[in-house]
Protein chains: 2
Amino acid sequence: MAARPRAPVPDKRRIILDAAVKVFARQGFTQCRVADIADEAGVAYGLVYHYFRSKDAVLDTLFLERWEVMVEVIGQVDQQDLPAREKLRYVAGFIDDSYRHDPDLMKVIIVEVTRAANSFGRTHMPDIQRAYGRLATIVEGGMRTGEFRTAVTPAFAAMAFYGVIEQVLTQWIFAEGPIGDEEFDRAKDLIVETVCGGLNG
Amino acid sequence: MAARPRAPVPDKRRIILDAAVKVFARQGFTQCRVADIADEAGVAYGLVYHYFRSKDAVLDTLFLERWEVMVEVIGQVDQQDLPAREKLRYVAGFIDDSYRHDPDLMKVIIVEVTRAANSFGRTHMPDIQRAYGRLATIVEGGMRTGEFRTAVTPAFAAMAFYGVIEQVLTQWIFAEGPIGDEEFDRAKDLIVETVCGGLNG
DNA sequence: GCTGCGATTGACGGGTCAGTCAAGGCTGGA
DNA sequence: TCCAGCCTTGACTGACCCGTCAATCGCAGC
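1. Considering the interface of chain A and chain B
Put simply, an interface is often sized by how much accessible area is lost when its parts join up. Between chain A and chain B, the residue contacts involve 50 residues of the former and 50 residues of the latter. With both sides pooled, the region where chain A packs onto chain B buries about 4500 Å², and carbon together with sulfur makes up 58% of that total. Looking only at chain A, the three residues that lose the most surface to chain B are A:Arg149, A:Phe174 and A:Leu199, adding up to 19% of its buried area. Counting across the chain A and chain B interface gives four salt bridges. One salt bridge connects B:Glu176 with A:Arg122, and the closest N-O pair in it is separated by 3.7 Å. At the boundary of chain A with chain B, the tally comes to 24 residue pairs in polar contact (both at pLDDT 80 or more). Going through the elements one at a time, α1 (12-27), α5 (84-101), α6 (103-114), α7 (120-123), α8 (125-144), α9 (154-174) and α10 (181-197) of chain A are the ones with two or more residues in the side of chain A that touches chain B. Here the element with the most residues in the side of chain A that touches chain B is α9(A); it accounts for 13 residues. Of the residues belonging to the side of chain A that touches chain B, the class tally is 25 nonpolar, 14 polar and eleven charged.

Laid out in structure tokens, this is it:
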């Protein structure tokens with residue numbers, strides 16, 4: 001694919017997407033108006049509709065852009081020759097870093113999509129399931145080598161693992177101030193330690 | 001408090017609340033109109049505003065009604081003389097049964113409140129935190145007796161535990177058909193087995 | 001039967017907002 | 001310089017919906 005021939009310098013489409021992340025994170029998808037996105041982007045109202053079919057399409061684009069990267073990463077981690085626990089640690093670290101790098105985007109993805117059972121969560125269910133499936137494959141590998149117990153199914157373990165991660169992110173989302181670097185670093189380890197090690201002594 | 005002197009037989013307030021659960025679960029809080037609630041309840045539009053200050057107040061009432069019971073139960077379980085793991089199992093079972101008994105209500109509570117970081121989740125944060133706090137107390141007790149490792153903090157463990165439970169419910173919420181009894185029964189054990197036992201062999 | 005009052009009704013006001021569209025701007029090629 | 005075509009603008013349309021309110025209902029007590 002050749003470099004895009006047009007788009008002189010300011011990629012308005014990108015500017016609109018970035019503005020939408022901010023606005024969706026601040027006000028929520030439903031509460032915000034398309035005019036808010038346009039204002040945040042410093043662009044006319046109608047331009048949003050030049051680049052996107054609808055308000056929904058803006059969120060769809062944001063979600064897919066990031067989610068597909070994540071699914072890809074999970075798949076690639078599983079290709080590596082590593083203990084399953086290390087693979088999970090890498091995944092937890094990736095999601096953790098995603099939040100650290102762009103908390104607004106992750107907030108939007110989690111709050112407006114992966115947990116929105118009546119709207120975008122339903123339309124993107126196949127994408128979400130794909131991520132679960134790949135996590136389950138990692139767990140399954142760990143069970144095959146005897147590294148993990150088989151007390152629960154790989155699918156259940158994957159769900160639990162992802163549930164813990166989302167809950168950690170949710171805490172951060174609800175938190176008032178910014179999160180410190182130490183907390184980000186610690187979280188990766190705690191997530192894996194909890195899910196793999198368990199509470200029992 | 002004496003029995004309410006009025007309210008001949010059909011408690012319209014209750015009917016409206018029950019109808020709201022159905023409608024909120026089916027369409028989501030934002031997507032549904034107050035008229036939908038009134039229609040579902042078989043009641044005039046204005047009556048909703050006779051019993052509730054606003055559409056928001058209907059959801060607040062539904063949430064608090066159930067959430068306060070849950071917080072109370074968690075507190076009482078902790079009073080019992082049981083291993084911490086059994087306490088957690090009881091809590092998981094209670095939430096599990098809550099969903100089994102009234103999936104629509106639990107769906108509404110989770111989707112529209114505990115995970116709604118931009119609206120009701122924020123206003124009810126203190127209530128939600130209270131539940132976390134009580135779970136953490138249970139874990140802390142388990143650590144004091146040596147039953148649980150102290151590899152993670154009680155607060156983190158409580159969060160992880162609750163995260164797994166919510167993720168299980170979320171799966172059910174997203175599922176198309178009804179959930180079988182066996183699956184409900186199995187879930188309680190799997191949740192505790194995962195969080196307490198861990199994946200490592 | 002009459003009166004008082006809470007329960008109930010549903011049309012309406014006022015405001016909001018997604019998406020459309022016609023017009024104007026800008027740029028690069030001829 | 002001129003033209004063609006995409007980029008950009010923002011007022012406008014049509015629809016939607018929350019909450020109000022004036023009117024009506026129906027029961028309880030007298």
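2. Details of the nonpolar core
Core analysis: the biggest nonpolar cluster contains 156 residues, and A:Phe24, A:Trp67, A:Ile95, A:Phe161, B:Phe24, B:Trp67 and B:Phe161 have the highest contact counts within it. For A:Trp67, the contacting residues outside a window of four places in its chain are A:Ile109, A:Thr114, A:Asp127, A:Ile128, A:Ala131 and A:Tyr162.

Parameters and conventions
Residue positions within a chain follow its written sequence, with the count starting from 1. In the order they appear in the text, chains get letters beginning with A and ligands get numbers beginning with 1. Local features in this predicted model are restricted to residues whose pLDDT is 70 or higher, and side-chain atom pairs enter the listing and the counts only when it is 80 or higher, whereas totals over whole chains, interfaces and linings include all residues. Computation of side-chain values: all heavy atoms of the structure, hydrogens and water removed. Should any heavy atoms of two residues lie within 4.5 Å, those residues are considered in contact. Computed with a 1.4 Å rolling probe, the buried area is the accessible surface lost when two parts are put together, summed over both parts. Whenever Lys or Arg places a side-chain nitrogen within 4 Å of a carboxyl oxygen from Asp or Glu, that contact is recorded as a salt bridge. Under the rule applied, a polar contact is a pair of N or O atoms within 3.5 Å (in protein, one hydrogen donor and one hydrogen acceptor; residues adjacent in sequence only if both atoms are side-chain atoms). Strands are runs of DSSP state E lasting at least two residues, helices are runs of H or I lasting at least four, and both sets are numbered from the N terminus onward. Under the grouping applied here, Gly and all other residues not named as nonpolar or charged are polar, the nonpolar ones being Ala, Val, Leu, Ile, Met, Phe, Trp, Tyr, Cys and Pro and the charged ones Asp, Glu, Lys and Arg. Throughout, nonpolar core names a set of buried Ala, Val, Leu, Ile, Met, Phe, Trp, Tyr and Cys residues whose side chains join them through atoms within 4.5 Å. Each residue's exposure class comes from its accessible area (1.4 Å probe, protein chains only) as a fraction of the maximum for that residue type: buried when under 20%, exposed when over 50%, partly exposed otherwise.

Just distances and angles here, no functional claims.
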